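Below, each chain spelled out in residue letters.
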Amino acid sequence: MSARENRLGLGGLILRLHLGLVLLFLYVPILVMAALSFNRSQLYELPFTFDTVWYTTLAGNQRLIDAGINSVVIAIINTVVATTLGTMAALAFARYQFRGKSLLQLLLFPPITIPWLVIGTAMLVFFFWTGIGRGLHAILLGHVALSLPYVIVVVGARLANYPRMMEEAAATLGATPWQTFRRVTAPILAPGVVAAALFAFAVSFDQFVISYFLAPPGVNTLPVAIYAAIRKGFTPEINAISTIIIVVSMGVMLITARFYRFGGER
Amino acid sequence: MSQVDIIGAVKRYGDLAALDNVSMSFQDGEFFGLLGPSGSGKTTMLRAIAGFVSLDQGEVRVDGKDIGQTPVHARNIGMVFQNYALFPHMSVYENVAFGLDVRGVPAAEQRKRVADALAMVRLGSLEQRKPKQLSGGQQQRVALARALVTRPKVLLLDEPLGALDKHLRQEMQVELKRIQRDVGITTIFVTHDQEEALTLSDRIAIFNAGGIVQAGSPAEVYAKPVNRFAAGFLGEANFLEGRVVAIEGGWAKIDLATGGSAVIAGNGIQVGQPALLAVRPERLAIHPTTDTAPIGNRLTGTVGEVVFSGNSTTYRVRCGDRTVSVFRQNDGQPILAPDTPVGLQWEPDDAVLVRE
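Note that the structure is predicted; figures quoted are calculated from it, not measured. (Residues numbered from 1 in each chain as written. Chains lettered and ligands numbered in written order. Predicted model: local features only at pLDDT ≥ 70, side-chain atom pairs only at ≥ 80, totals over all residues.)

1. A short note on the domain arrangement of chain B
Link 1 in the chain: Domain parsing of chain B yields domain 1 (4-225) and domain 2 (236-354).
Link 2 in the chain: Each of domain 1 of chain B and domain 2 of chain B has a C-alpha centre, and the two are 40 Å apart. (Domains from an automatic or database assignment.)

Below is the structure:
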């Protein structure tokens, strides 16, 4: 039996090659970028000389720091707002019958598939026309609108897998509707809500096109600021901030995944 | 414990009457089975007692008090759901303690009552397990302990054993009956499994199309079904159509559509009326014969399908254009081969006169 497992057929070879290529193209660029953020040379020259100069430079770059703060603040507010609204909407879709429900459910998906460039243009025109204008408030509005469908779909998937009967059982056991929500519905939904919140955060934090369109001169989110910086010339400062972002976001993902096994019961 | 009365219950979904003016009394401490095909109203009735369905008309009374306006959580009922609906994020202990905890029962008392409840269902050692770590039968026991620990007035069971395999189901039937007797709680359960209904119930009600066709003890309903539906739904029945041709001294003579005639105790019927007889397969005696002369209470035909099931054999006998089922214990007589000409004989009190 072990001989059979060890023998590498053509199929096994292709599978391993496939895995290797995926890992290569996903992670090698990230690793190279992180490594070069610790390289002294501004022009990405080898040999590698360890230095934290680019992190020091970054600390002095007020423009990037301000943009980073904007991004984080917007992403956090967006996560709270979109997750709350989206969870409530998902509950309504799952629990109630109302007029126009199927139409609304259908309308959830186009924003996920329509190119962001198109949505961004449409939002810019609409916000200009209605007097909402450009600025951080407009960016936040745009991000909430964009993340809502993701939240509704993710929480909705969790709700669909969880029978209404649990709540009925809680009621027969004497739990008031509030006790039922707090002690049964909320804990069971929590993994779905956390996953949805991560999506909402990512949609906002990664968002370039819409932020770019809706940002007035002088106001930046991180992706917009990075793009502007790259146009002027690539410096390893960008590598440094990107590395920080990757480390932080991977940390958050790992911690969350540790607490909630996505999809399954805790 | 408590008596439950349903009075004139009506529940409509659009044009469909799920409950069409149904009245029924459940006696204190009795184990009552609601039986019927799906969509017949039995589940709607159970959910109306629980409070998940509000009636369009009529009342649900517990100990004489109308609870129509009482919300589910204030009704003090226990319910076991079809798939148990255990809370997946809580341990067995927390599941069972839930009903006590939301009522604000002190922790020390909670511990004692949960331990008692788990001991009652013989699950004392599994307190810290999560529901998904339990087998189907164990989950069923936890659900039962959880429903009974709050000392409800009524216990409602929705297809309680439906998700278990046959062997476990029979084991749990015995267990369920024992616990129900010990606790003495009025128990109402819904099932479409007639064997389960017959085994567990003190009384049963057969539902069809939003109404109760017949209610009574299992033996009574089985022996004296009131109509074709009740006879056919609970157990198997052979139906013989005919017409009353004479009544003499309390006996009615009926000419059968299959040829031949039958005699039956004839109360409340008149000469000339159409009559429908129901005969259970185990009440027909089968014997090989080539004599096809029509005599009373006998059909003749040939053996068709033979289904051997160890301790018994079921014969499908072709009598003219119809098939009659006969059930015989394998008590040493030879099994009849297909195509054997046979006579099927019964005594007057083996057949029941039923309505269409």
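There's plenty left to go through after this.
2. Considering the sheet that holds strand S6 (residues 77-80) of chain B
Residue and element names in this part refer to chain B.
Link 1 in the chain: The six strands are arranged S6-S7-S8-S3-S9-S10 in an open sheet whose pairing can be described as mixed. Each of the sheet's edge strands pairs with one partner strand only, and the pair in question is S6 and strand S10 (211-216). On average, each strand axis in the sheet is tilted by 20 degrees relative to the strand beside it, whichever way the strands run.
Link 2 in the chain: Where strand S7 (residues 154-158) meets strand S8 (residues 186-191), five bridges bridge the pair, whose relative direction is parallel. For Leu156, the partnering residue across the bridge sits in S8 and is Ile188. (Pairing = 2+ DSSP bridges. Helix = DSSP H or I, 4+ residues; strand = E, 2+ residues; numbered from the N terminus. Axes fitted to C-alpha atoms, helices over the stretch in contact; angles between N-to-C directions.)

3. Here's the deal with the pairing of strand S14 (residues 274-279) of chain B
All names here are of chain B.
Link 1 in the chain: Both strand S11 (residues 238-248) and S14 contribute to a ladder of six bridges, which runs antiparallel. Bridge pairing in S14 places Arg243 opposite Pro274.
Link 2 in the chain: Sheet analysis places S14 next to strand S20 (residues 351-354), joined by four bridges and oriented antiparallel. Bridged to Leu276 within S20 is Val354.

4. What to know about the interface of chain A and chain B
A common measure of how large an interface is: the accessible area buried when the components associate.
Link 1 in the chain: Counting residues at the interface gives 17 residues for chain A and 20 residues for chain B.
Link 2 in the chain: Contributions of two or more residues to the side of chain A that touches chain B are made by helix H9 (165-172) and helix H10 (177-206) of chain A.
Link 3 in the chain: Considering each element in turn, the side of chain A that touches chain B owes the most residues, six residues, to H9(A).
Link 4 in the chain: The class makeup of the residues in the side of chain A that touches chain B is ten nonpolar, four polar and three charged. (Contact = placed C-beta atoms within 7 Å. Nonpolar A, V, L, I, M, F, W, Y, C, P; charged D, E, K, R; others polar.)

5. Notes on the pairing of strand S16 (residues 298-308) of chain B
Residues and elements named next belong to chain B.
Link 1 in the chain: Bridging between S16 and strand S19 (residues 341-345) involves five bridges; their strand directions are antiparallel. The residue of S19 that forms the bridge with Thr300 is Gly343.
Link 2 in the chain: With five bridges connecting them, S16 and strand S17 (residues 312-319) associate as antiparallel partners. By the bridge assignment for S17, Phe308 is matched with Thr313.

6. Some remarks on the packing of helix H4 (residues 136-148) of chain B against helix H5 (residues 166-183) of chain B
Residue and element names in this part refer to chain B.
Link 1 in the chain: Relative orientation of the contacting elements H4 and H5 amounts to 15 degrees, with a least axis distance of 11 Å. With respect to H5, the element H4 is oriented roughly parallel. Viewed along their axes, H4 and H5 form a crossing whose handedness is right-handed. The residues of H5 that touch H4, namely those facing Gly136, Gly137, Gln140, Leu144 and Leu148, are Leu168, Met172, Ile179 and Val183. (Parallel < 35°, antiparallel > 145°, perpendicular 65-115°, else oblique. Left-handed = near helix turned anticlockwise from the far one by under 90°.)

7. Observations concerning unusual backbone geometry
Residue and element names in this part refer to chain B.
Link 1 in the chain: Of note in the backbone geometry, Asn76 takes a positive phi value of approximately 55 degrees without being a glycine.
Link 2 in the chain: Along the chain, the position of Asn76 falls in the loop between strand S5 (65-66) and S6.
Link 3 in the chain: A residue is classified by how many C-beta atoms lie within 10 Å of it, and Asn76, with 18 of them, is partly exposed.
Link 4 in the chain: Residues other than glycine seldom take positive phi values, yet Asn297 does so here, at roughly 50 degrees.
Link 5 in the chain: Of note, Asn297 is situated in the loop between strand S15 (285-288) and S16.
Link 6 in the chain: The buried category is assigned to Asn297, around which 21 C-beta atoms lie within 10 Å. (Buried ≥ 20, exposed ≤ 12 C-beta atoms within 10 Å, placed from the backbone.)

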